[in-house]
Amino acid sequence: MYKIAVAGTGYVGLVAGVCFAEMGHQVTCVDIDQNKVQLMKSGISPIYEADLQDLMIKNYKAGNLNYTTDYQSAYKDADAIFIGVGTPEQPDGSANLSYIATVARQIAESVEKDCLVIVKSTVPVGTNDKVEQFIQDFLINDVRVEVASNPEFLAQGSAVHDTLHAERVIIGTESKWAEELLQGIYKPFNLPIVSVNRRSAEMIKYASNDFLALKISYMNDIANLCELVGADIQDVARGMSFDERIGSKFLNAGIGFGGSCFPKDTKALDYLAKQNGYELKTVQAAIDVNKEQKTMLYKKASRRLITFNGLKVAVLGLTFKPGTDDLREAASLENIPLLLEQGADIYAFDPVGADNFAKVHPEGRHGRGSITYVSNVEEAIKDANVCFIFTEWGEVKDITPSMYKELMRTSLVYDGRNIYSVDEMEQAQVEYHSIGRKTVERQNIKELNERELHAARS
Ligand code: NAD
């Protein structure tokens, strides 16, 4: 059992802290946000992740998990301090390391015994070296502090499961002492451990994320071509998936990748390459394709409808993917302002992300358009002229093709997640636009929309 402190209680820090406690370690989670700490102490998770809150309550009650803003008390006698604070994108694409630097300084001024500092946040190659130097420079007490890299690979929406059942744990160390300490911390998890040096560990994180981003952008690129040449991207992906060299995951075409990782990590690696005089053309292409893809459905619908002015527009899903309340880089954030600008009256549904979205786009009028948050899909699509699907929540998948036909005023659906079968939507007489698949423009819908548009203009 180790005494562990975790800096930052976001998706990475809190999940790591809770899982370390679940594995029997003595954990203190530190955050600068007093409200978050109060919330956590009262048994409420500040983020939505399956099973997280239950494990928080269980381990807090058992006395092996605590939360505080008092970093000094948490860091002073810890065996290991994990850093899980944010490394957001800066305007030039580089990673903002100021939160890491603040924690490093706080550690240097607090530790009273030898300890290992482990960087879990995603950081550019070479950052661990700098963090170690930084801590040495500011150390107050005569203690040994070493830095190790332990990048995180969890996916939001299944973060607890991904941590407890990780496919691999990457540890990047520069000494036997650090390697053995990290191996000891992870021993109860009983997971495969890949031990490398610090710089390789830092690179494994970016290389993995950017490879997945590339895979998504590649499939989206192929999907767009499929539409032009009459192929079906889902059949193409299925055919490809049997090849073990390709694999069956991350072959789904859609409206591009979002979230707090892929967008910023592609840009950060591109930036790092440029800093080193190298052009990372594959990653640049993934970034460019994704930028176009995010508004693909809006562009398609704009061509079909001419204007959204006065139309009731259903938006199903606001978060960047299901299972999370995180909106960072979500397609909804790009598309909804465009729809509002065009005068759309939006009825948005999301089972957990609506409150966060309402902080950015409050309910009510926005220029010519308006936004209303509704509590179920039926309410959103009822009497709607057009529907956009941005997130494949279970509640959305439960809606059958015939319900769009029955409930919508004009059953025109733009699906960014390819939830439905094209044939079933056709049978239900829904005009269905998806990604990389056939679309049949139904003349009657076009006429109806023209009537709607006429009414909206007059
Ligand atoms: P987040 O923004 O959700 O959480 C960061 C937390 O750190 C916040 O609660 C903030 O208040 C806190 N914080 C800031 N300064 C602090 C300080 N001095 N002391 C203590 N706490 C402080 O971030 P996140 O999504 O958990 O990501 C953290 C890092 O992990 C990033 O580098 C990210 O790229 C990486 N990562 C994220 C994911 C993911 O799915 N979110 C997955 C793998 C890696």
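Above this text you will find the structure in question.
Presented here is a report on the structure given in the accompanying data block. Computed from a predicted structure; not experimentally measured. (Residues numbered from 1 in each chain as written. Predicted model: local features only at pLDDT ≥ 70, side-chain atom pairs only at ≥ 80, totals over all residues. Heavy atoms only, no water.)

### A closer look at the overall build of the protein chain
What counts, and what does not: Put simply, DSSP marks the helices as runs of H or I at least four residues long and the strands as runs of E at least two long, and each gets a number from the N terminus on. Throughout, radius of gyration means the C-alpha value; the globule benchmark is 2.2 Å times the number of residues raised to the power 0.38. Summary of the burial criterion: residues with accessible area below 20% of their type's maximum are buried, those above 50% are exposed, and those between are partly exposed, where the area comes from a 1.4 Å probe applied to protein chains only. Here, residues are in contact when the closest pair of their heavy atoms is within 4.5 Å. Only the protein chains shown count as cover for residues, with accessible areas throughout obtained via the Shrake-Rupley method and a probe of 1.4 Å. His is not counted, nor are the chain ends, whereas Lys and Arg count as positive and Asp and Glu as negative. One atom stands in for each charge, and that atom is NZ of Lys, CZ of Arg, CG of Asp or CD of Glu.
From N to C terminus, the protein chain includes 20 helices and 15 strands. Here the C-alpha atoms of the protein chain give a radius of gyration of 24 Å, agreeing with the 23 Å that 2.2 N^0.38 yields for 458 residues. Counting only C-alpha atoms, the protein chain reaches 80 × 45 × 35 Å along its principal axes. Counting across all 458 residues of the protein chain, residues that qualify as buried make up 53%. Pairs at least 24 apart in sequence give 72% of the contacts found in the protein chain among residues at least 6 apart. As presented, the protein chain carries roughly 20200 Å² of accessible surface, and 50% of it is formed by carbon and sulfur atoms. Of note, the protein chain has its 48 positive side-chain charges centred 2 Å away from the centre of its 63 negative side-chain charges.

### Thoughts on the side chain of Gln-156
Note the cut-off: Whenever a nitrogen or oxygen atom comes within 3.5 Å of another N or O atom, the pair is scored as a polar contact, on the condition that within protein one atom can donate a hydrogen and the other can accept it, and that pairs from neighbouring residues in sequence are kept only if both atoms are in side chains.
Tracing the chain through its elements places Gln-156 in the loop between β6 (145-149) and α7 (159-164). Note on Gln-156: relative accessible area 8%, which makes it buried. A polar side-chain atom of Gln-156 sits 3.3 Å from a polar atom in the side chain of Ser-260.

### Considering the pattern of salt bridges
Pairing is possible between side chains that carry opposite charge, provided their charged atoms lie close to one another. The following threshold applies: Here, a salt bridge means any Lys or Arg side-chain nitrogen found within 4 Å of an Asp or Glu carboxyl oxygen.
A full pass over the atoms with the stated rule returns 25 salt bridges. Between Arg-105 and Glu-109 there is a salt bridge whose closest N-O contact spans 2.9 Å. For Arg-105, a relative accessible area of 37% translates into the label partly exposed. With a shortest N-O distance of 3.0 Å, Glu-146 and Arg-144 are connected by a salt bridge. By relative accessible area, Arg-144 is classed as partly exposed at 39%. A single network of salt bridges, built from pairs that share partners, joins Asp-129, Glu-132, Arg-198 and Arg-199.

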